[in-house]
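# Geometric and topological summary
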Amino acid sequence: MDKMLQKYMDTLKTLDFKKMYENDFFLTWEKTEDELKAVFTVADALRYMREHNISTKVFESGLGISLFRDNSTRTRFSFASACNLLGLEVQDLEEGKSQIAHGETVRETANMISFMADVIGIRDDMYIGKGNKYMHDVVDAVTQGHKDGVLEQKPTLVNLQCDIDHPTQCMADIAHVIHELGGIENLKGKKVAMSWAYSPSYGKPLSVPQGVIGLFTRFGMDVVLAHPEGYEVMPEVEEVARKNAAASGGSFTKTNNMAEAFKDADIVYPKSWAPFAAMEKRTDLYAESDFEGIKALEKQLLQQNAEHKDWCCTEELMKTTRNGKAMYLHCLPADINDVSCEDGEVEASVFDRYRDSLYKEASYKPYIIAAMIFLAKQKDPVACLKALEERSAARHFQG
């Protein structure tokens, strides 16, 4: 047995993650610490095996269904890569080409796409109170379909970003941090600045900052949420962060001062998002088909954003971080000054210095998603990893 794979399996044996089997992944704070650690461990094991030319194909057939209700590059390809890594084919559900446009119900659509589906990945992040609910509606439909004998199995749902959380992104973010710091035990006591930053666009979702404060507080980190007045996130997610921090021995604080958040920070995450109240209003306007109202709201929010162009990750701010060398995180794409826009979230010199690190951060996402699927579909993940290693089939056969 490979020593590194044995180490991963030994770690899994110490964790209680049995409830992940035949279950779904909605929000990180709905999972136990052991379950989160199991995802990190399996992700590392799958990555190690691929890098050492060991096939991790646990499916000989089956579908991974993806539904993206918002644009995506990294998450779309990460989901496809994760499914492929495990042996699943991917089929994208394009609502405009389906019978949804003709009034097909969520229950009917969910069952019709799931006859041979093992996993469904959904991104639905644009409307407050809608995205996470839609994902639950899909799960309720396929659960009933399986119970009624329509489906031979219930496909697992993976939240690829909703209005509340972006679990695959934030899990990839913290996996990167764990590796950079040399272990999950080294997260405790590290200061994290989750800060709003200026963007020339108005409607960026709240799910990344909410996901960060909801997850990083699980591991004893000192998380600071910084934003101008009026750019609040969901109050219920702030409460999750407070409870997590109290339980882990970390802290969760808020400030309206970006410099205060960056001072002595070990990790900074400057990222634009739309105000919670505005996103609620936007959802209501769309429900009423009030397109003039939407245009007026967009104009108002762009003007509001423009009042805070000084909220930018600059070289000067980075110098104030811990030893001037804080880790810089971003979900990408970033709004880069004088590159993608005139004024944005980060100065070009800062972004360029961290470019390789940011790409490495993004590289964890396919393995995180694959681990979520693996743990939901394998009753005994340790035995499965062992069997894959013993089979030792080459991922890339070279004659």
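Before reading on, note that the structure itself is shown above.
Now for a look at the structure at hand. Predicted model, so just to flag it, every value in this text is computed and none were measured.

Within the open sheet, the five strands sit side by side as β7-β6-β5-β8-β9. Their pairing is parallel. Whereas interior strands pair on both sides, the edge strands pair on one side only; in this sheet they are β7 (251–255) and β9 (327–328). Strand direction decides the pairing type here: strand β5 (residues 191–195) and strand β6 (residues 222–226), joined by five bridges, are parallel. By the bridge assignment, K191 is partnered in β6 with D222. In the packing of helix α7 (residues 207–216) onto the sheet, the strands contacted are β5, β6, β7 and β8 (267–270), and the crossing angle to β5 comes to about 160 degrees.

What follows concerns the packing of aromatic side chains. Under the criterion given, the structure shown has six aromatic pairs. Ring plane angle 65 degrees and centroid distance 5.2 Å describe the contact between Y127 and Y286, whose orientation is recorded as edge-to-face. Pair noted here: Y127 is in the loop between β3 (117–124) and α5 (131–147) and Y286 is in helix α10 (residues 276–287), with a separation of 159 residues, a long-range link. Taking 4.5 Å as the distance between ring centres and 45 degrees as the angle between the ring planes, the aromatic pair formed by W196 and Y231 counts as tilted. Linking W196 in the loop between β5 and α7 with Y231 in the loop between β6 and α8 (235–248), this pair joins segments that are 35 residues apart in sequence. You can call Y231 buried: its relative accessible area is 0%. Taken together through their ring pairs, the aromatic side chains of W196, Y231 and W311 make up a single cluster. Sitting above the plane of the F68 ring, R76 keeps its charged end 4.5 Å from the centroid.

The probe, sized like a water molecule, is rolled over the atoms to show the empty space still left. Here the largest pocket is characterised by a volume of approximately 610 Å³. In terms of lining residues, the largest pocket is bounded by 26 residues, among which D70, N71, R123, P205 and P333 are the most central. Classifying every residue of the lining of the largest pocket by side-chain character gives seven nonpolar, nine polar and 10 charged. Around the second largest pocket, the lining is made up of 16 residues, and of these T41, D44, I178, G183 and I184 lie nearest the centre. Within the residue set of the lining of the second largest pocket, elements represented by two or more residues are α1 (3–13), α2 (33–51) and α6 (167–181). For the lining of the second largest pocket, a count of residues per class yields seven nonpolar, five polar and four charged.

On to helix α14 (residues 365–377), then. For an α-helix, the turn length of 3.6 residues means that residues three or four places apart are oriented alike. Taking 1.5 Å as the rise per residue, α14 with 13 residues should run 18 Å; its terminal C-alpha atoms sit 18 Å apart, in good agreement. Within α14, 13 of the 13 residues are buried, which leaves it mostly tucked inside the rest of the structure.

Throughout the structure, instances matching the rule amount to 18 salt bridges. Across the pair D92 and R76 runs a salt bridge whose closest N-O atoms are separated by 3.3 Å. Of this pair, D92 sits in strand β2 (residues 89–92) while R76 sits in helix α3 (residues 74–86), and the two are 16 residues apart along the sequence. Looking at D92, the relative accessible area reads 25%, which means it is partly exposed. Taken together, the shared-partner salt bridges in this structure form one network comprising E238, E239, R242 and K254.

Attention now moves to the environment of Q378. Residue position: Q378 is located in the loop between α14 and α15 (381–391). Put simply, Q378 and M20 are 358 residues apart on the chain and 9.3 Å apart in space, counted from C-alpha to C-alpha. Beyond its immediate sequence surroundings of up to four residues, Q378 is in contact with Y21, V58 and C384.

Parameters and conventions
- Residues numbered from 1 in each chain as written.
- Predicted model: local features only at pLDDT ≥ 70, side-chain atom pairs only at ≥ 80, totals over all residues.
- Heavy atoms only, no water.
- Pairing = 2+ DSSP bridges.
- Helix = DSSP H or I, 4+ residues; strand = E, 2+ residues; numbered from the N terminus.
- Contact = heavy atoms within 4.5 Å.
- Axes fitted to C-alpha atoms, helices over the stretch in contact; angles between N-to-C directions.
- Phe/Tyr/Trp six-rings, centres within 6.5 Å; stacked < 30°, edge-to-face > 60°.
- Buried < 20%, exposed > 50% of the residue type's maximum accessible area, 1.4 Å probe, protein only.
- Lys NZ or Arg CZ within 6 Å of the ring centre and 35° of its normal.
- 1 Å grid on protein atoms, 1.4 Å probe; cavity = no way out; pocket = protein on both sides within 12 Å on 5 of 7 lines; lining within 4 Å.
- Points joined across faces, edges and corners; volume = space filled by probe spheres on them.
- Nonpolar A, V, L, I, M, F, W, Y, C, P; charged D, E, K, R; others polar.
- Expected span 1.5 Å × (residues − 1).
- Salt bridge = Lys/Arg side-chain N within 4 Å of Asp/Glu carboxyl O.

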